[in-house]
Every structure is written in C-alpha cells, then in structure tokens.
Amino acid sequence: MSTSSAISVQGLTKDFRVGLRGIKLRAVDNLSLEIPRGQVFGLLGPNGCGKSTTLKIVLGLIPATSGSISILGSPSATSEARQRTGFLPEAPYFHKFLTGRELVQYCARLSGVPAEKVGEAVEGSLELAAMTEAANRPIGTYSKGMLQRIGLAQAIVHDPELVILDEPTAGVDPVGSAAIGRMINAMRAKGKTIVLCSHLLGQVEQVCDRVAIMDRGRLVLEGRVDEVLAQRDRHVITVADLTPQARQAAEAALAAHGATVTSITHPRRSLEDLFRELVTGSRDA
Amino acid sequence: MNARLTRTSWIARITFLEAIRQRFFAFLLVLSAVMVVSSVSLRFMDFGHSELKFVADFAFGGMFLFGSVLALVMTAQLFFAEIENRTALTLLAKPLSRTEFLLGKFLGTWAVLGVFVFSLAFLQGVILWSRTQELIVLAAETGRVAPDFSVSGLASFAVLQWLRLGVVAAMVLMVSAVARTFLFTVIVGAMAIVAGQLQWLAQEALLKPSDASVVTKSLLWISSRVIPQPPAV
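Since we're looking at a predicted model, the values are computed, not measured.

Chemist: Give a detailed account of the overall build of chain A, specifying residues and quantitative values.
Modeler: Each helix and strand in chain A was counted, giving 10 helices and 12 strands. Within chain A, buried positions represent 50% of all 285 residues. Across chain A, every contact between residues at least 6 apart in sequence was considered, and the portion connecting residues at least 24 apart equals 68%. Accessible surface, chain A: about 13,200 Å² in total, of which carbon and sulfur atoms supply 50%.

Listed below in structure tokens is the structure:
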C-alpha cells in the first residue's frame, strides 16, 4: 500500500450472487491499481466492465469480496478517507425542491465544513462550477449540463484532495462538456487528484495524464496517456531518417532539396482506436 | 455542534422539507381534519359515554388511523426514494455513516408526524373548547354539572400519539433497512402495526398456564417481547 498514491488498490475482487441459486458473477477480478497524487486519471472500459463497481468499492458504498484499498494513505470506507474525497455519481439526481445553493450548503455541512466557513466554501465551488448565476434557482429547473455542474460543485465544496467523477459529461452537449473539461483542468492546477470515468475518449485523451482500461473486470492496460498511445514499433519521420548515418544522409539529401529535419517522433494512434482494440467483443458478451 | 449531530440534523432537515411537500401528507392531513371536525356532528352516536369523551376518542382514533398510514407509507417512500433516485449514493459517499443517515431519516419523518399530530390536536382543542363553552351555558340553564376541558390533558394525549407514531415510523424504517422493495416494506410494516396492536393477546396467552408446545410458546414470547407495541392512548 503506497502512501504516495491517491488510491491504492491491491488484488481487488468483487463477486455478486445472482438469481435464486446464487450463481456467482465476478464483476471485478483481482484488480491492482495505483493512482498517483496530483494527476488526472482516466478509468475506461465498456459498459459492465467493472468500472462503477470498482468506484463504489473505493468509496465504501459496497464491500469487496477480497483485496484491499486505501485512499490517500487511509483505509477506504472510513470517515477520514471520505472527508478527503469528493464524488460526482453518474447521472446525478438531487432533491428538486432545493436551490443549487441550498444543495451545495447541505453537502458542505455533511462533508464537515464548519458553519463559519460554509458561505465562502459554497461560493467558491459555485464559481468554479460556473453556477453562481443559477444558484438561487430550484434544481428542478436545471438543464442536464447544469445538473452535472451543480453535482461537481457539491463534490468539491469541502475542498477534497481526491475528486472522483463518474461520467461527468454523460448527456451533456459539447459546449457543456468542454466547460466540465476546463473545470477538471482548474482542479488539476490546484493540485487535486481527479479520477475520471468516461466514454468520451477524446475528452479523456485531452484531460488525462494517465489512463487505465478495464475489460471483463480485469485491468488490461495502465500507463501515461502519451506512453500508451505511442506505437513504438513504428516511427513517423516528419522530415528525416532514423539512424544517425541515415539521418545524416537524409539531412544532406533533404538539405540538397532545401528541406530541414525539425523533429523525430513516434506516431500516435487515437485513444479510441486503442480502446476498441483492447475491448473488442466484450460489449456482446 | 458535534459533527455527527450536525450531519444527522441536516439529513433530518432535508427529509422534513421533502416530506412536508408531499401531496400524500396534505391529503391525509385534510382527511384527518375533516374527521376531527365531523366528530362534533357524530356526537349523537356516543353510546352512552359523555359527549366530549366521544368527540376526543373519535378524533384521536382518526388521528392514529391516518397517522399510522402516513407513518407507514411516508417513511417507506422517503427511504426508497433515496435509493431509487440514487441520492443515497451521493450522500453515503460523504463522511456520513449509515446510522446517521437512518437516524436523520427517522427524525425528519417524526418531525412531520409531529406537525400532523399537533395540527390536528390544535383543531381538536378548538372544537372541544367551543363545544365545552356551549355545554357550560347549557348546564347553567338546566342546573346540571358543567363539563370540564383540560388543555394539558389534550396536549398529553397528543404527545402520546406522537410517540406512538414514532414507534411505527421506527419499525417501518427498520424493515426498510433490510427490505429490497417498497411494497414488501409497506406490507411487513402494516403487519407489524397490527401485531403490535394485538400484542396483549400474546401476552395473555403467554402468562396463562397451558400445555402448549415449545414452538407455540416461543412464537408467543417473540410476539409479546420482540414486536414493539405502540404505547396505548
């Protein structure tokens, strides 16, 4: 268990018993994962791959069958760990009769923000979520994008070190999605660790430092976005050659034709292609 | 304020605000109020008891009947709404224990039941007081003994009704915590209310010397000791 990790998952397994005969369904299979502090971490996978189950176990909402989890060095599911964690569930639903500001105040008090600091904390999180103007409207009048943004405000009102976002852009239009992307970047700039579960691979590629891909309950890939997307068996020659001799010859040849070598880099495939390649067929399983 | 107390009181506050807005609450409150008011019109059916006692009994009977329905359905509905709408997911991911969540739910529900009981008790008090004034005038004219109406007595009865409904709400919440569906909770909760009302039968049977089997005696013991009996009014 690493204390430098925001989340440390060791050998996590979760079985569900389904039906009258109690047939075992393995949702998460021996998952080990280290999520470093201060980074945006993308947890990807097709529907039913065990992402949400993993997040629920991490948050202590359901028990694990086996394995251990720590959050910021403390065992998960403890009050101390939750105090330092913010969570935005998928498709959040809040009491419609409350105004946005009342909801964030309510969540601030539940998260342990002292009464004398609630006002400042609420206004700060509403501002970050760009919800200040609509904060006095009942939640029942909010659009889908506003619901996600007020959900984000309630998740960060107690200034957590770790923020877990489950599908924060689900059903949100591209403009709202871009706004949520900016908020994630703003939180990263403040040194927060963000765990992002999303199907919008383009957005994940843009905002995440590291990604993990799960399939059928197992971890199939984990690493820095730049590393996992680079195809190291191939090279993109933007201007010149690979070997020094060839490069020299190429540079000379190119120079003879008026061209110059500016960089040598690895070609990239899109995160979407990588995702499809890794999880092929699991959707139909 | 202690952090646990703060969290519990906020859950109770939001539960109260949610419940007080429910149409079901308004419907039962109006229905019960109509019953309390109609008790004056039905006083000719007093079966030989004093008129004021009949009015009070009739009104408190309605208060308990509709209050029990309210406690049963509203408590289960408020609990399962949190699960089905997944608001519980957001709340329980915070440093909030399940005990605090359940206690907050109970206190919020009980506060709404308090509004229900004390609103009706106030209405009942107004009716009893006005009828008492009429009977005092009538007694002075006919030379009979004037009836007496005790406000503190009515308040005591109302508090006992509130406690009684609190026991019902607590039972339903206990069932909700282990049940999977709203319907199951309502049915089991209703059975527990009926069993609680008939508990004296089990107590009498248990105390009587008999040659009943161990199984029967065990069931009687469970019925009389484990199932909570709402305090009688």
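Still more ground to cover, so stick around.
Chemist: How would you explain the side chain of A:Ser76 if you had to name every residue and give the values?
Modeler: All names here are of chain A. Note that Ser76 resides in the loop between strand S5 (74–75) and helix H2 (79–83). What makes Ser76 buried here is its relative accessible area of 15%. Apart from residues no more than four positions distant in its own chain, Ser76 is found in contact with Ile57, Val58, Ile69, Ser70, Ile71 and Ala81.

Chemist: Could you give me a rundown of the confidence of the model for chain A, with the residues and numbers involved?
Modeler: Residue and element names in this part refer to chain A. Mean pLDDT for chain A: 83, with 86% of residues reaching 70 or above. Element-level mean pLDDT values for chain A span from 57 in strand S11 (residues 236–237) up to 95 in helix H3 (residues 100–110). Scored below 50 in pLDDT, residues 281–285 shows eight contacts in the model against residues more than four places distant or in partner chains.

Chemist: Can you lay out the packing of H3(A) against helix H1 (residues 3–20) of chain B for me, pointing to particular residues and giving the numbers?
Modeler: Pairs of packed helices are described in terms of their axes, by the angle between the two and the distance that separates them. It is at 8 Å that the axes of H3(A) and H1(B) come closest, and there the two elements cross at 150°. Considered as vectors, H3(A) and H1(B) are oriented roughly antiparallel to each other. Of the residues in H1(B), those touching H3(A) at A:Tyr106, A:Arg109 and A:Leu110 are B:Thr6, B:Arg7, B:Trp10, B:Ile11 and B:Ile14.

Chemist: Please set out the side chain of A:His95 residue by residue, giving values where relevant.
Modeler: Along the chain, the position of A:His95 falls in the loop between strand S6 (85–88) and H3. Residue classification places A:His95 among the buried positions, given a relative accessible area of 7%. Sequence-distant contacts of A:His95, that is, excluding residues within four places in its chain, are made with A:Ile139, B:Ile14, B:Glu18 and B:Glu82.

Chemist: Summarise the sheet that holds S6(A); cite the residues concerned and give the values.
Modeler: Sheets are built from strands paired through backbone hydrogen bonds, the pairs being either parallel or antiparallel. All names here are of chain A. Sheet architecture is open: six strands sit in the order S6-S7-S8-S3-S9-S10, paired in mixed fashion. Each edge of the open sheet is held by one strand with a lone partner, namely S6 and strand S10 (218–224). In this sheet, neighbouring strand axes are inclined to one another by 15° on average, regardless of whether the strands run parallel or antiparallel. In the sheet, strand S7 (residues 162–166) pairs with strand S8 (residues 193–197) via five bridges, with the strands oriented parallel. Bridge pairing in S8 places Asp166 opposite Cys197.

Chemist: Which residues make up the packing of aromatic side chains, and what values do they have?
Modeler: All names here are of chain B. One pass over the full model with this rule turns up seven aromatic pairs over all chains. On the basis of an interplanar angle of 80° and a centroid distance of 5.4 Å, the ring pair of Phe79 and Phe80 is categorised as edge-to-face. Of the two residues, Phe79 and Phe80, both sit in the buried class. On the numbers, 5.6 Å between centres and 65° between planes, the contact of Phe118 with Trp162 is edge-to-face. With Phe118 in helix H5 (residues 98–142) and Trp162 in helix H6 (residues 151–178), the pair connects residues that are 44 residues apart, well separated along the chain. The partly exposed category is assigned to Phe118, whose relative accessible area is 35%. Residue class for Trp162 comes out partly exposed when judged on its relative accessible area of 22%. Through pairs of rings, three or more aromatic residues link up here, namely Phe106, Trp110, Phe118 and Trp162.

Chemist: Hey, could you go over a nonpolar patch on the surface for me, with residue numbers and the actual values?
Modeler: Residue and element names in this part refer to chain B. Judged by side-chain polarity, Phe118, Phe157, Val159, Leu160 and Leu163 come together as a nonpolar surface patch covering roughly 380 Å² of accessible area. Counting residues per element, the nonpolar patch draws most heavily on H6, at four residues. Mapped onto the elements, Leu163 comes out in helix H6.

Chemist: Give a description of the nonpolar core that names residues and reports values.
Modeler: One recurring pattern in soluble globular proteins is that nonpolar side chains are buried together. Within the largest apolar cluster, 134 residues are counted, with the highest numbers of intra-cluster contacts made by A:Ile7, A:Tyr106, A:Ile164, A:Leu165, A:Ile184 and B:Phe116. The biggest single contributor to this core is helix H3 (residues 51–84) of chain B, with 16 residues. With near-sequence residues (within four places) excluded, A:Leu165 lies in contact with A:Leu88, A:Leu152, A:Ile184, A:Met187, A:Ile194, A:Val195, A:Leu196 and A:Cys197.

Chemist: Describe the sheet that holds strand S4 (residues 66–71) of chain A, listing the residues and the values that go with them.
Modeler: Residue and element names in this part refer to chain A. In space, the four strands of this open sheet follow the order S2-S1-S4-S5, with antiparallel pairing throughout. Two strands lie at the open edges of the sheet, namely strand S2 (23–36) and S5, each paired on one side alone. Relative to S4, strand S1 (residues 5–18) runs antiparallel, the two sharing five bridges. Along S4, the bridge assignment pairs Thr13 with Ser66. Sitting on the sheet, helix H1 (residues 51–58) touches S1, S2 and S4, and the angle it makes with S1 is about 115°.

Chemist: Residue-level account of the pairing of S8(A), with values.
Modeler: All names here are of chain A. Counting buried residues in S8 gives five out of five residues, a clear majority hidden from the surface. In S8, alternate side chains face the same way, and those of Thr193, Val195 and Cys197 on one face and Ile194 and Leu196 on the other are all buried. With four bridges connecting them, strand S3 (residues 40–44) and S8 associate as parallel partners. Opposite Leu43, over in S8, you have Cys197 as the bridge partner. For the segment spanning S7, helix H6 (residues 174–189) and S8, crossover handedness is right-handed.

Chemist: If you had to explain the pattern of salt bridges to someone new, which residues and values would you point to?
Modeler: All names here are of chain A. A complete count under the given rule lists 13 salt bridges over all chains for this structure. Linking Arg218 and Asp29 is a salt bridge whose minimum nitrogen-to-oxygen distance equals 2.8 Å. Remark: Asp29 occurs in strand S2 and Arg218 occurs in strand S10; sequence separation between them is 189 residues. One connected set of salt bridges, linked through shared partners, spans Asp15, Arg26, Asp29 and Arg218.

Chemist: Give me the interface of chain B and chain A: which residues, what numbers.
Modeler: The interface is formed by 21 residues belonging to chain B together with 22 residues belonging to chain A. A combined buried area of about 2,300 Å² lies between chain B and chain A, and 65% of that area is made up of carbon and sulfur atoms. Summed over the three residues of chain B that lose the most area to chain A, namely B:Trp10, B:Lys94 and B:Pro95, the buried surface amounts to 26% of that side. One can count zero salt bridges joining chain B with chain A.

What counts, and at which threshold
Within each chain, residues carry numbers counting from 1 in the order of the written sequence. Labels follow written order: the first chain is A, the first ligand is 1, and so on. The predicted nature of this model means local features are confined to residues of pLDDT at least 70 and side-chain atom pairs, given and counted, to a pLDDT of 80 or more, with totals for whole chains, interfaces and linings taken over all residues. Hydrogen atoms and water are omitted, and side-chain values are computed over all heavy atoms in the structure. Working definition: helices are DSSP H or I runs of at least four residues, strands are E runs of at least two. Numbering for both runs from the N terminus. Relative accessibility thresholds used throughout: buried, under 20% of the residue-type maximum; exposed, over 50%; partly exposed, between the two (1.4 Å probe, protein chains only). Whether two residues are in contact is decided by their heavy atoms: any pair within 4.5 Å suffices. Where accessible areas are quoted, they stem from the Shrake-Rupley method and a 1.4 Å probe; at the residue level, only the protein chains shown are allowed to cover. Each residue carries a pLDDT value, the predictor's own confidence for that position, ranging from 0 to 100. To define axes, lines are fitted to C-alpha atoms, for helices over the stretch in contact only, and angles between the resulting N-to-C directions are given on a 0 to 180 degree scale. Any angle that falls under 35 degrees is termed roughly parallel, while one over 145 is termed roughly antiparallel, one within 65 to 115 roughly perpendicular, and all others oblique. By the convention used here, strands pair only if DSSP detects at least 2 bridges between them. Stacked, tilted and edge-to-face are the three classes applied to pairs of Phe, Tyr and Trp rings, where Trp contributes its six-membered ring and a pair requires centres within 6.5 Å; stacked means planes under 30 degrees apart, edge-to-face means over 60, and tilted covers the rest. A residue counts toward a patch only above 30% relative accessible area and without a salt bridge, and it is joined to like-charged neighbours within 9 Å or, for Val, Leu, Ile, Met, Phe, Trp and Tyr, to nonpolar neighbours within 5 Å. Note on definitions: salt bridges are taken to be side-chain nitrogens of Lys or Arg within 4 Å of carboxyl oxygens of Asp or Glu. The nonpolar core is taken to be a set of buried Ala, Val, Leu, Ile, Met, Phe, Trp, Tyr and Cys residues, with the residues joined through side-chain atoms within 4.5 Å. Seen with its strands pointing away from the viewer, a crossover is right-handed when the path leading from the first strand over the helix to the second is clockwise. Simply put, the buried area is the total loss of 1.4 Å probe accessible area from both parts when two parts are fitted together.

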